[in-house]
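Remarks on the overall topology
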Amino acid sequence: MDLAIVFERLFKPRGRSLSRELENAAADLLAADDVEKASIREQMRHFYKVRSAIIHGPSDDKRKRLISQSGRAWAVGEPIARSAVLKCIS
């Protein structure tokens, strides 16, 4: 959840599609080309699916599976958050 807060504070999404806005903002800030943008978007998309499953609880098998992937979500999200913070500072 800490990483989700970092992303939401850095990129300040305003619309109803929180995940999509954050995916695009992170990709636009960090990526050098379209391939890298697509990769960052996919990583952020997975991160927010896991976040959503954690927030809404393990009500079905899909959410249980996503919650079990929280370690992977952290491992993917943490370097993106770190890079974004450092880029905003510099």
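Structure first, text after, so check above.
Only a predicted model underlies this, so the values are computations on that prediction, with no experimental measurement involved.

Side note on the pattern of salt bridges
Evaluated as defined, the whole model comprises 5 salt bridges. For Arg51, the salt bridge goes to Glu8, with nearest N and O atoms at 3.6 Å. Placement of the pair is Arg51 in helix H3 (residues 34-56) and Glu8 in helix H1 (residues 2-11), with a sequence separation of 43 residues. Classification of Arg51 by relative accessible area gives buried; the value is 19%. For Glu8, a relative accessible area of 22% gives the class partly exposed.

Notes on the packing of aromatic side chains
Inspection of the entire model under this criterion finds 2 aromatic pairs. The interplanar angle of 80° and the centroid separation of 5.4 Å between the aromatic rings of Phe7 and Phe47 together place this pair among those described as edge-to-face. One end of the pair, Phe7, is in helix H1; the other, Phe47, is in helix H3, with 40 residues separating them in the sequence. For the pair shown, Phe7 and Phe47 are each scored as buried. Ring geometry for Phe47 and Tyr48: centres 5.3 Å apart, planes at 65°, overall edge-to-face. Pair check on accessibility: Phe47 and Tyr48 agree, each one buried. Through a chain of ring-to-ring contacts, three or more aromatic side chains come together here, namely Phe7, Phe47 and Tyr48.

A word on a nonpolar patch on the surface
Residues Met1, Ile54 and Ile55 make up a contiguous nonpolar surface patch of roughly 260 Å² in combined accessible area. Relative to the assigned elements, Ile55 resides in helix H3.

The rules we used
- Residues numbered from 1 in each chain as written.
- Predicted model: local features only at pLDDT ≥ 70, side-chain atom pairs only at ≥ 80, totals over all residues.
- Heavy atoms only, no water.
- Salt bridge = Lys/Arg side-chain N within 4 Å of Asp/Glu carboxyl O.
- Helix = DSSP H or I, 4+ residues; strand = E, 2+ residues; numbered from the N terminus.
- Buried < 20%, exposed > 50% of the residue type's maximum accessible area, 1.4 Å probe, protein only.
- Phe/Tyr/Trp six-rings, centres within 6.5 Å; stacked < 30°, edge-to-face > 60°.
- Patch = residues over 30% accessible without salt bridge, like charges linked within 9 Å, V, L, I, M, F, W, Y side chains within 5 Å.
- Areas by Shrake-Rupley, 256 points an atom, 1.4 Å probe, with all protein chains shown as cover.

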